[in-house]
Amino acid sequence: MKYFASCSFGKDSIATVLLAIQHKEPLDGILFTEVMFDASRNISGEIPEHITWIKNTAIPKLESMGVKTQILHSDRDYMYFFKNAVGGGGKHAGKLYGFPLAGKCVINRDCKVKPIKQYLRNMGKNVTEYIGIAADEPKRLQRLNDRKISLLSKYGYTEEMAKELCRKHNLLSPIYDTDTRGGCWFCPNAKISSLSRLRKLHPDYWQELEALSHTPNLCSYGFRYGQTLQEVSAKIDKYDERQNIRERQLSLFPELEHY
């Protein structure tokens, strides 16, 4: 039997690896899929701070602890799906698919999950996968089977406990300095606060999305839950304005920070 940890390098999956090491659970390696935005230009789809930390800090440290990471890539990227033409004879035939739908993101399915499934399938039937699902996520735990195991549940680790375990070992991603989760920087499910940080810290990536939003003949111009990128950008403007007002208030009345 082979044992692999599917790892996004978020707190839950890193804590899973740490628990495997701590409790001497069998572990043959870590599987990480790097989603690509545009493979031809080597533009990763991972949040820049996160992927840099993964490759320069997390992977070397885990290797020093005796666990190697296999970085997987799909043969398709975001641009493939965006610019793929609709076939058949329907009303959208010939149009480009455009922005992926929120809630049912094909990028997550085909560019992130599928490569790991293919890797494990190639390993044969005697494979067990460690999944980073915390003890306080009962609905997600119910969907596991005997080939998918949660070590966090086994050892009674909640999401907050997983985060603290990562922090203890200096293996907590910098994404948690400013956000509650990771994911792709172009994620259609992202919060406005996350998209605000992207636009502010990585304007070149936002410009990539701006350019795509003007592509003619798309099926979907809805970047986030049916809203165009320009509509989302207007929401970000309002969010930033509220944040700026809040910051000015706190500079005048520091005691408001607790309210």
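Residues numbered from 1 in each chain as written. Predicted model: local features only at pLDDT ≥ 70, side-chain atom pairs only at ≥ 80, totals over all residues. Heavy atoms only, no water.

Caption draft 1: Inspection of helix α7 (residues 159-168) at higher detail. For α7, the set of buried residues is Ala162, Lys163, Leu165 and Cys166. Buried residues of α7 fall within an arc of 160° about the axis and therefore sit on the same side. Taken together, the buried residues of α7 touch α1 (11-22) and α6 (151-154). Directly after α7, the chain includes Asn170, whose backbone phi takes a positive value near 55°. (Buried < 20%, exposed > 50% of the residue type's maximum accessible area, 1.4 Å probe, protein only. Helix = DSSP H or I, 4+ residues; strand = E, 2+ residues; numbered from the N terminus. Arc of directions from axis to C-beta. Contact = heavy atoms within 4.5 Å.)

Caption draft 2: Spatial organisation of the packing of helix α8 (residues 192-201) against helix α9 (residues 203-213). The contact between α8 and α9 brings their axes to 5 Å, and the two run at 110°. Taken together, the axes of α8 and α9 lie roughly perpendicular to each other. Between α8 and α9, the residues in contact are Leu195, Leu198, Arg199, Lys200 and Leu201 and Pro203, Tyr205 and Trp206, respectively. The class makeup of the residues in the contact of α8 with α9 is six nonpolar, no polar and two charged. (Axes fitted to C-alpha atoms, helices over the stretch in contact; angles between N-to-C directions. Parallel < 35°, antiparallel > 145°, perpendicular 65-115°, else oblique. Nonpolar A, V, L, I, M, F, W, Y, C, P; charged D, E, K, R; others polar.)

Caption draft 3: Here's a closer look at unusual backbone geometry. In this structure, Lys24 is a non-glycine residue whose phi angle is positive, near 55°. By the element assignment, Lys24 lies in the loop between α1 and β2 (29-33). Although it is not a glycine, Asn217 adopts a positive phi angle of roughly 65°. Counting through the fold element by element, Asn217 comes out in the loop between α9 and β9 (218-220).

Caption draft 4: The nonpolar core, seen in detail. The biggest cluster of nonpolar side chains holds 62 residues, and the ones touching the most others in it are Phe9, Tyr78, Ile107, Trp185, Phe186 and Leu209. In this structure, Tyr78 is in contact with Met36, Phe37, Phe99, Pro100, Ile107, Phe186, Leu209 and Leu212, ignoring residues within four places of it in sequence. If you look at the next biggest cluster of nonpolar residues, it comprises six residues, including Phe4, Leu31, Ile116 and Leu120. (Core = buried A, V, L, I, M, F, W, Y, C linked by side-chain atoms within 4.5 Å.)

Caption draft 5: Quick look at the sheet that holds strand β8 (residues 148-149). Pairing is parallel in the open sheet, where five strands are placed in the order β5-β2-β1-β7-β8. Every other strand in the sheet has two partners, leaving β5 (69-72) and β8 as the edge strands with one partner each. As defined by bridge partners, β2 adjoins β5 across four bridges and the pair is classed as parallel. By the bridge assignment, Phe32 is partnered in β5 with Ile71. (Pairing = 2+ DSSP bridges.)

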